[in-house]
Amino acid sequence: VALRTLTGHTGWVRSVAWSPDGRYLASGSVAVCVWDAETGQLLRALEGYRNSVYSVAWSPDGRFLASGSADGTIRVWDAGTGQLLRTLEGHTDWVRSVAWSPDGHFLASGSDDTTVRVWDAGSGRLLRALEGHTGWVWSVAWSPDGRFLASGSRDYTVRVWDAGTGQPLRTLEGHTSDVNSVAWSPDGHYLVSSSDDRTVRVWDAGTGQLLRTLEGHTDWVRSVAWSPDGRFLASGSDDGTVRIWGIPQ
């Protein structure tokens, strides 16, 4: 049942994210919009982009928003006022994904320039560029303890990196098409990935071993997410379905 429809964007909405306290929603189109989740009221529009915003993410404390755009930049905003605080420049192509570290001190971004980049969220300084993918990077995710990053790419692989040094730790191979989404289990022991090959795959994050392949979707699988207790997975596909999978403990 649809509770409310939030209108105000003038283009495709490519990303939505809840604030940590659940009171607000952010959405990315040509502008970033912040909404009251209870009433659906548009609180503020964060403007200045000429290109689409592909990813929006709240800081863990809910004070800031980060957005990644087709203009190759990441922007950090004061979520309460809508003020643009800083613009992070360094990518040379579209930014598809942005993610805050669990402690809120760092940002990671994935781009069509095939790199993952790690930034100091407070200063906007580029700390390191993680190179190794040979295709667009669609998705980036921090491990729950903030020590590692995972990235999914158009090169059909998932890569795991040491977030502190940028060192590549392992490459997870098995998908036969673009990897669109990656997510860590809440305990950090597992990774899940979804792909244009129509599968969802679960991996041992420590060894890179493929544990299971979940089949059933009939089109590209765009997004995947763990339940907070780690017992279930949800996946969304171009076949028009969301599937919920039970994960044996």
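All values reported here derive from a predicted model rather than from experimental measurement.

J.: What is the right way to look at a nonpolar patch on the surface in this model?
T.: Judged by side-chain polarity, Phe 232, Val 242 and Ile 244 come together as a nonpolar surface patch covering roughly 320 Å² of accessible area. Among the structural elements, Ile 244 can be located in strand 23 (residues 242-246).

J.: Looking at this structure, I do not really get the pattern of salt bridges. What am I missing?
T.: Opposite charge on two side chains makes pairing possible when the charged atoms of those side chains draw close. Throughout the structure, instances matching the rule amount to nine salt bridges. With a closest N to O distance of 3.0 Å, Arg 222 and Asp 238 form a salt bridge. Residue Arg 222 is found in strand 21 (residues 221-226), and its partner Asp 238 is found in the loop between strand 22 (232-237) and strand 23; the two are separated by 16 residues along the sequence. We classify Asp 238 as partly exposed; its relative accessible area is 38%.

J.: What is the right way to look at the pairing of strand 20 (residues 210-215) in this model?
T.: Within a regular strand, side chains alternate between the sheet's two faces. Here strand 19 (residues 199-204) runs beside strand 20; their pairing, made up of five bridges, is antiparallel. In the sheet register, Val 202 faces strand 20, and the bridge partner there is Arg 212. Adjacent in sequence and paired antiparallel, strand 19 and strand 20 are bridged by five residues, among which Gly 208 carries a positive phi angle near 85 degrees.

J.: Is there a simple way to explain unusual backbone geometry in this structure?
T.: Negative phi is the rule for most residues except glycine; trans is the rule for most peptide bonds. If you check the backbone angles, Thr 114 has positive phi at about 75 degrees while not being a glycine. Structurally, Thr 114 is set in the loop between strand 10 (106-111) and strand 11 (116-120). For Tyr 156, which is not glycine, the phi dihedral falls at a positive 80 degrees. With respect to the element layout, Tyr 156 can be found in the loop between strand 14 (148-153) and strand 15 (158-162).

Parameters and conventions
Residues numbered from 1 in each chain as written. Predicted model: local features only at pLDDT ≥ 70, side-chain atom pairs only at ≥ 80, totals over all residues. Heavy atoms only, no water. Patch = residues over 30% accessible without salt bridge, like charges linked within 9 Å, V, L, I, M, F, W, Y side chains within 5 Å. Areas by Shrake-Rupley, 256 points an atom, 1.4 Å probe, with all protein chains shown as cover. Salt bridge = Lys/Arg side-chain N within 4 Å of Asp/Glu carboxyl O. Helix = DSSP H or I, 4+ residues; strand = E, 2+ residues; numbered from the N terminus. Buried < 20%, exposed > 50% of the residue type's maximum accessible area, 1.4 Å probe, protein only. Pairing = 2+ DSSP bridges.

What is shown is where atoms sit, not what they do.
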